[in-house]
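Summary of the model geometry
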Amino acid sequence: MNCIAGILLILLILSNKLRIVRINMKQQILIIGGTGMLGAPVTRRLCAEGNAVRILTRTPDAARKKFGAEYEIVAGDVQDRNSLAQAMQGCQGVHISLNDRAIPDLERRGVENIVQVAPRAGVQRITYLSGASVKQENCWYAGTATKFAAEQAIRASGIPYTIFKATFFMDALPRFVRGTRASVIGNQSKPWHWVAANDYAQMVARAYAEQKAVDQDVYVLGPQAFTLEQALKTYCALVQPNATVSRLPLWLADLMARAFGQKELANALPFFRYTEKVGENADAAAVNALGAPTTTLEQWCQRIGNE
Ligand SMILES: NC(=O)c1ccc[n+]([C@@H]2O[C@H](COP(=O)([O-])OP(=O)(O)OC[C@H]3O[C@@H](n4cnc5c(N)ncnc54)[C@H](OP(=O)(O)O)[C@@H]3O)[C@@H](O)[C@H]2O)c1
């Protein structure tokens with residue numbers, strides 16, 4: 001009996017050691033959402049670090065144009081489990097960076113499908129881009145509820161994970177500009193630690209290389225805090241000097257959206273109500289646990305301005 005217990009103990013120690021070794025090796029990683037604004041920098045970073053990267057996309061031709069021949073691209077949809085199972089074959093890791101404004105609950109449904117298929121495909125690691133304010137008390141907002149449910153599905157899956165809870169990305173600033181107008185909707189008086197997607201991508205790559213990232217929530221915050229209006233003023237001054245920043249009260253934006261049938265504006269209003277009320281909401285204890293982002297807003301703007 002003692003002998004069997006001893007053998008079991010040795011096997012347990014060995015299996016833990018093997019898990020550490022596997023984590024340190026270069027891996028085959030499937031990127032779901034790899035064509036997106038925040039998925040693409042992660043794709044490029046993981047590839048640059050020597051991992052074999054496979055991008056799952058609904059539009060392979062567009063992805064091929066964007067990434068070129070050196071990236072493996074497969075057709076798939078997170079709503080289709082068969083396509084997920086095929087795409088995951090041979091993958092040790094899956095990175096998820098999903099967004100679809102037309103299907104508000106896509107992240108929950110997509111992630112539930114992913115974690116159902118992943119164990120059979122032999123996936124040993126999931127990394128997921130969530131948001132800093134994703135907490136149960138903020139689930140009155142649909143965008144947070146779907147992310148919260150996705151996080152829960154990942155934690156319950158038993159697959160080792162790292163959840164990235166990111167603040168506002170600097171890379172999203174151009175989305176606030178239409179022509180010569182950069183709009184802040186609502187007061188948006190709360191400051192955010194704006195982060196560069198490239199710094200976050202480095203944290204994701206580190207998560208695949210370091211044992212300490214396993215089963216962790218990592219808050220991703222940049223080095224300086226600015227309100228949306230302050231950040232947009234810096235961005236416009238350095239990158240789009242023709243654009244001017246103006247503020248539109250929420251009630252007026254609502255009125256305009258209704259009066260002029262502006263669907264895009266109407267769809268964006270719940271998001272602005274949410275950010276105005278909730279703010280960044282990060283948990284200080286778990287901030288930047290995989291290395292603090294260093295790129296300042298000015299540095300990022302200068303880089304974008306030179307591209
Ligand atoms: N903007 C911020 O500051 C910020 C902060 C924190 C967190 N986030 C979160 O970051 C995530 C990614 O945002 P993003 O701006 O990078 O989004 P994005 O540019 O709109 O990209 C969305 C990605 O999702 C993929 N996708 C959509 N529906 C899909 C489906 N049914 N099956 C498979 N793939 C699908 C798209 O792939 P194809 O079109 O190629 O199929 C695309 O690559 C979002 O969840 C967002 O909430 C953003």
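Above this text you will find the structure in question.
What comes next is a walk through the structure. Counting restarts for each chain, with residues numbered from 1 along the sequence as it is written. The predicted origin of the model limits local features to residues at a pLDDT of at least 70 and limits the giving and counting of side-chain atom pairs to 80 or more, whereas totals for whole chains, interfaces and linings rest on all residues. Neither water nor hydrogens contribute to the side-chain values; these are computed over all heavy atoms in the structure.

1. Here's the deal with the overall build of the protein
Put simply, the rule is: Runs of H or I in DSSP of at least four residues are treated as helices and runs of E of at least two as strands, each being numbered from the N terminus. We compute the radius of gyration from the C-alpha atoms alone; for a globule the expected value is 2.2 Å times N to the 0.38, where N is the number of residues. Three exposure classes are used, based on accessible area relative to the maximum for each residue type with a 1.4 Å probe and protein chains only: buried under 20%, partly exposed in between, and exposed over 50%. The contact criterion used throughout is that any non-hydrogen atoms of two residues lie within 4.5 Å. We get accessible surface area from the Shrake-Rupley algorithm with a probe of 1.4 Å; when it comes to residues, only the shown protein chains can shield them. Here the positive residues are Lys and Arg and the negative ones are Asp and Glu; neither His nor the chain ends is included. Working definition for charges: the position is that of NZ of Lys, CZ of Arg, CG of Asp or CD of Glu.
For the protein, the helix and strand inventory stands at eleven helices and twelve strands. The globule rule puts the C-alpha radius of gyration for 307 residues at 19 Å, and the 21 Å found for the protein is close to it. Principal axes of the C-alpha set define a box for the protein whose edges measure 75 × 40 × 40 Å. Burial status across the protein gives 47% buried among its 307 residues. Restricting to contacts in the protein with at least 6 residues of sequence separation, those with at least 24 account for 78%. By element, 54% of the accessible surface of the protein is carried by carbon and sulfur atoms, the whole surface being about 15100 Å². Side chains of the protein give 34 positive and 25 negative charges; the mean places of these two sets differ by 1 Å.

2. What to know about the packing of aromatic side chains
Heads up, the condition is: Classification of ring pairs rests on two measures: the distance between centres of Phe, Tyr or Trp rings, Trp counted by its six-membered ring, which must be within 6.5 Å, and the angle between planes, read as stacked under 30 degrees, edge-to-face over 60 and tilted in between.
According to the stated counting rule, one finds twelve aromatic pairs in the structure shown. Arranged with centres 5.8 Å apart and planes meeting at 80°, the rings of Phe164 and Tyr200 form a pair that is edge-to-face. On the criterion of sequence distance, the pair formed by Phe164 in strand 6 (residues 161-166) and Tyr200 in helix 7 (residues 197-209) is long-range, its members being 36 residues apart. For the pair formed by Phe164 and Tyr200, the shared burial category is buried. Where Phe271 meets Phe272, the ring centres are 5.4 Å apart and the plane angle is 70°; that geometry is what we call edge-to-face.

3. Things to note about the pairing of strand 5 (residues 125-131)
Here is the rule we go by: Note on pairing: two strands pair once DSSP finds at least 2 bridges between them. When the strands point away from the viewer and the connection leading from the first strand across the helix to the second strand turns clockwise, the crossover is called right-handed.
A large share of strand 5 lies buried, amounting to seven of its seven residues. Neither face of strand 5 is left uncovered, since the one carrying Arg125, Thr127, Leu129 and Gly131 and the one carrying Ile126, Tyr128 and Ser130 both have all their residues buried. Sheet topology note: the strand 4 (residues 93-96)/strand 5 ladder contains four bridges and is parallel. Bridged to Ile96 within strand 5 is Tyr128. Chirality of the crossover, the property in question, places the unit of strand 4, helix 5 (residues 106-121) and strand 5 among those that are right-handed. For strand 5 and strand 6, the ladder comprises six bridges, and the chain directions are parallel. From the neighbouring strand, Thr127 faces strand 6, where its bridge partner is Thr162. Each parallel crossover has a hand, and the one from strand 5 via helix 6 (residues 142-156) to strand 6 is right-handed.

None of this, on its own, says anything about what the molecule does.
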